[in-house]
Amino acid sequence: MNIWKLVQTLFVVFIIVLVIPGCNRDPVIEELKHLKEKAKTKDFVDEERHIESALSKWQNQTVDPEPILLTGDLSKSRGHEHMYLGFITFDEDMDVYGLGINEVYTDVNSMKVSLTEEYPAFVHRMKPEVLDFRLFPVQIRDAGQRKNEQQWDKYVKGEGIDVNEVRELNLWRATLPPVWVSIPEPNGVNVYVYIYDRAGNKSDPIKLFPPDYIAN
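In this report, we go over the structure that sits alongside the text. All values derive from a computational prediction rather than experimental measurement.

Our next topic: unusual backbone geometry. Located in the positive-phi region is Q61, a residue other than glycine, with phi close to 65 degrees. Structurally, the position occupied by Q61 is in the loop between α3 (45-58) and β1 (68-77). At M94, a position not held by glycine, the phi torsion is positive, near 55 degrees. Counting through the fold element by element, M94 comes out in the loop between β2 (83-90) and β3 (96-106). Overall, M94 belongs to the partly exposed group, its relative accessible area being 35%.

In structure tokens form, the structure reads like this:
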């Protein structure tokens, strides 16, 4: 089984088990606590802070519109070319629309230059879930590539695709226009990712690190 399918399956099973009648447990709280412990173990300070914020919002008896990015990482299977960006989102009104990539470059004179691109990657893949695991392929920015605004404009309008069909996970990934991201490099480029919703609310960013390599 593909490693990411296994991860997603385990995530779904975890939620299902928690909502079995009679268990009297809140699946969102349980999963957030689980993620917090993982972040604390790895000393991911930003992720831990974001998860604590999600816990607070979930327990305040109010539907908060601002999305929160809980985790974010780059991964690649050994022996394969594809790079993936995976993250877990928290959004009480369940309208996450896209993600932003912010890259900060340091040149030979120690001057910093910033590039930000936003990708409406979830316009045709909305799922009614407060907590959601998202994973999709990204393209490596290694020669100054930029977001193709025309391609993304056509994608948002649904041109050339069956909007209903692309709600299926694999077809959705296959129809996405390129999402460009640089490989983070110490003293070279810092890469941050955030999410935003249909109203334009943005999460705080999470810093990405060089990709983890996963077994096939």
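It is worth spelling out the packing of aromatic side chains at this point. One pass over the full model with this rule turns up 10 aromatic pairs. Across from the ring centre of Y119, 5.6 Å away, lies the NZ or CZ of K147, which sits over that ring.

The next point concerns the packing of helix α2 (residues 27-42) against α3. As a packed pair, α2 and α3 sit with axes 9 Å apart at the nearest point and diverge in direction by 160 degrees. In terms of orientation, α2 and α3 fall into the roughly antiparallel class. Of the two possible hands of crossing, α2 and α3 adopt the one that is left-handed. For the pair α2 and α3, contact is made by V28, I29, L32, K33, L35, K36, A39 and K40 and by E47, E48, I51, E52, A54, L55 and W58, respectively. When grouped by side-chain class, the residues that make up the contact of α2 with α3 number nine nonpolar, no polar and six charged.

Counting 31 residues, the largest nonpolar core has L85, F87, L99, I101, F136 and V138 as its most contacted members. In this structure L99 touches L85, F87, E117, E118, Y119, A121, F122, F136, V193, Y194, I195 and Y196, once residues within four positions along its chain are discounted. With 17 residues, the next largest nonpolar core counts L35, I51, L55 and I88 among its residues.

Another aspect to go through is helix α4 (residues 149-157). Where α4 begins, one side-chain oxygen reaches toward the backbone nitrogen of Q150, 3.2 Å away; that side chain belongs to N148. In the stretch just after α4, G158 is the one whose phi turns positive, near 80 degrees.

On to the pattern of salt bridges. Pairing of side chains with opposite charge becomes possible as their charged atoms draw close. Counted by the stated rule, this structure contains 10 salt bridges. With a closest N to O distance of 3.4 Å, D46 and R49 form a salt bridge. Taken together, the residues span about one helical turn, with D46 and R49 both in helix α3 at a distance of three residues. Taking relative accessible area as the criterion, D46 reaches 35% and is therefore assigned partly exposed. R49 sits in the partly exposed class, given a relative accessible area of 42%. A salt bridge links R49 to D204, with the shortest nitrogen-to-oxygen separation between them at 3.7 Å.

This next bit is on the pairing of β2. Of all eight residues in β2, eight are buried, a share of seventy percent or more. Of the two faces of β2, both are covered, the one formed by M83, L85, F87 and T89 as well as the one formed by Y84, G86, I88 and F90. Sheet topology places β2 next to strand β5 (residues 131-140); eight bridges connect them, and they run antiparallel. Bridge pairing in β5 links I88 to F133.

So, on to the environment of R167. Within the secondary structure layout, R167 lies in the loop between α4 and α5 (169-175). Residue R167 is classed as partly exposed on the basis of its relative accessible area, which comes to 40%.

Conventions we followed
Residue positions are counted from 1 within each chain, in the order its sequence is given. Thresholds applied to this predicted model are a pLDDT of at least 70 for local features of residues and 80 or more for the giving and counting of side-chain atom pairs; totals over whole chains, interfaces and linings are not thresholded and use all residues. Based on all heavy atoms of the structure, the side-chain values leave hydrogens and waters out of the count. For the purposes of this entry, the term helix denotes a DSSP run of H or I that reaches at least four residues, the term strand denotes a run of E that reaches at least two, and both are numbered from the N terminus. Exposure classes here rest on a 1.4 Å probe applied to the protein chains alone. A residue is buried below 20% of its type maximum, exposed above 50%, and partly exposed in between. Aromatic pairs are defined between Phe, Tyr and Trp rings, using the six-membered ring for Trp, whenever the two ring centres lie within 6.5 Å; interplanar angles under 30 degrees are classed as stacked, those over 60 as edge-to-face, and all others as tilted. As a reminder, the over-ring test applies to NZ of lysine and CZ of arginine, requiring each to be within 6 Å of the ring centre and within 35 degrees of the ring normal. Interaxial angle, 0 to 180 degrees, is taken between N-to-C directions of lines fitted to C-alpha atoms, where a helix line uses only the stretch in contact. Between 65 and 115 degrees an angle is taken as roughly perpendicular, under 35 as roughly parallel, over 145 as roughly antiparallel, and anywhere else as oblique. Working rule for handedness: look at the near helix, and if it is turned counterclockwise from the far one by less than a right angle, call the crossing left-handed; if clockwise, right-handed. Should any heavy atoms of two residues lie within 4.5 Å, those residues are counted as being in contact. Three residue categories are used. Nonpolar comprises Ala, Val, Leu, Ile, Met, Phe, Trp, Tyr, Cys and Pro, charged comprises Asp, Glu, Lys and Arg, and polar comprises the others, including Gly. We call a set of buried residues a nonpolar core when its members are Ala, Val, Leu, Ile, Met, Phe, Trp, Tyr or Cys and they connect through side-chain atoms within 4.5 Å of each other. Two N or O atoms count as a polar contact when they lie within 3.5 Å, although within protein this holds only if one can serve as hydrogen donor and the other as acceptor, and sequence-adjacent residues are included solely when both atoms are side-chain atoms. What makes a salt bridge here is a side-chain nitrogen of Lys or Arg within 4 Å of a carboxyl oxygen of Asp or Glu, nothing more. For two strands to be treated as a pair, DSSP must find at least two bridges joining them.

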